[in-house]
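# Structure assessment
In case you want the letters, here they are:
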Amino acid sequence: MTVTKLFLIGNFTAPSTWIALIIAFILSYIAVRLKFGKQSANRFGDAIFYVIIIWKLSVIITDFKIVINAPFALLYFNGGIIGFILGLSFVAFRTWLDWQKKRIDKDMLVALFIGAVSVQAVFQVMMALLNEGSLFARVGTAVVFLSLLFFIWKNIEQSESHIVQLSLLFMAAHVFVAVIQPKGLMNPPLLVTVLIGLFFTLLFVKEPIGQTEGGKAG
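As the structure is a prediction and not an experimental result, all values here were calculated from the model. (Residues numbered from 1 in each chain as written. Predicted model: local features only at pLDDT ≥ 70, side-chain atom pairs only at ≥ 80, totals over all residues. Heavy atoms only, no water.)

### Remarks on the side chain of Ser167
One can find Ser167 in helix H9 (residues 159-180). For Ser167, the contacting residues outside a window of four places in its chain are Phe113, Gly197, Phe200 and Thr201. (Helix = DSSP H or I, 4+ residues; strand = E, 2+ residues; numbered from the N terminus. Contact = heavy atoms within 4.5 Å.)

### Description of the confidence of the model for the protein chain
Per-residue pLDDT for the protein chain averages 84, and the proportion of residues at 70 or more is 85%. The least confident element of the protein chain, judged by mean pLDDT, is helix H11 (residues 209-217) at 46; the most confident is helix H2 (residues 38-57) at 93. Segment residues 212-218: pLDDT under 50, and 1 contact once partners within four positions in sequence are set aside and those in other chains are kept. (pLDDT = per-residue confidence, 0-100.)

### What to know about the packing of aromatic side chains
Applying the stated criterion across every chain, the model contains 10 aromatic pairs. Measuring from ring centre to ring centre gives 5.8 Å for Phe49 and Tyr50, while their planes differ by 65 degrees; the resulting arrangement is edge-to-face. An aromatic cluster is defined as three or more aromatic residues linked by ring pairs; in this entry it consists of Phe113, Phe170, Phe199 and Phe200. (Phe/Tyr/Trp six-rings, centres within 6.5 Å; stacked < 30°, edge-to-face > 60°.)

### Concerning the nonpolar core
Membership of the largest hydrophobic core comes to 53 residues, with the highest contact counts inside it found for Phe84, Leu109, Phe113 and Leu148. Element by element, the count of residues in this core is highest for helix H7 (residues 106-130), at 16 residues. The residues contacting Phe84, other than those within four sequence positions of it, are Leu21, Val51, Trp55 and Val192. (Core = buried A, V, L, I, M, F, W, Y, C linked by side-chain atoms within 4.5 Å. Buried < 20%, exposed > 50% of the residue type's maximum accessible area, 1.4 Å probe, protein only.)

### What to know about a nonpolar patch on the surface
Residues Phe49, Ile53, Leu57, Ile60, Ile61, Phe64, Ile68, Ile81, Ile82, Leu86, Leu191 and Leu195 make up a contiguous nonpolar surface patch of roughly 1100 Å² in combined accessible area. Elements supplying a minimum of two residues to the nonpolar patch: H2, helix H3 (59-62), helix H4 (64-69), helix H6 (80-100) and helix H10 (188-205). Turning to its location among the elements, Leu195 is positioned in helix H10. (Patch = residues over 30% accessible without salt bridge, like charges linked within 9 Å, V, L, I, M, F, W, Y side chains within 5 Å. Areas by Shrake-Rupley, 256 points an atom, 1.4 Å probe, with all protein chains shown as cover. Salt bridge = Lys/Arg side-chain N within 4 Å of Asp/Glu carboxyl O.)

Right, dumping it as structure tokens:
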């Protein structure tokens, strides 16, 4: 959805994207904590922390001159979609490395996937609620993502064996929604969804060699 509203918090003006993202992070963390436990929630919380920090600090790369001339710009600006993808890339690499070294198991990956889907779904619903625009686009966005979220959480017990299908469903649902949104397929959040979906799909399609062999041996 297109940003049409800004919110004044004290002396600070925040776009609706920030408000929607903060709410999505908080609600998704709580949901993961309640369903998967403290360890998975902590891992998910760490992922959120790294994404936010890298997203904020990446302004040094995207707008170096501004930061040099005004260091306090770090507090007010961020690296935009480039910085966000850099944050996601770091978290993805860290997750992949821990998966290869067997420091995390499938249950943890499922929790991270469900958390990621929840963040995107809640973010999209909040953007539809917080901003103005076509009623059809706003209602359609909310209905599709709430339905997606309900379906995935309802089938959460089978998520481990169906994670690839759920990843594909996640991407397909967002493509459908993007078509009815103002920016269409040229939509940064859609790119984020595709990257997340492909990442988890590849992880579950190609498991670590040692783990696969170990499962067969057992």
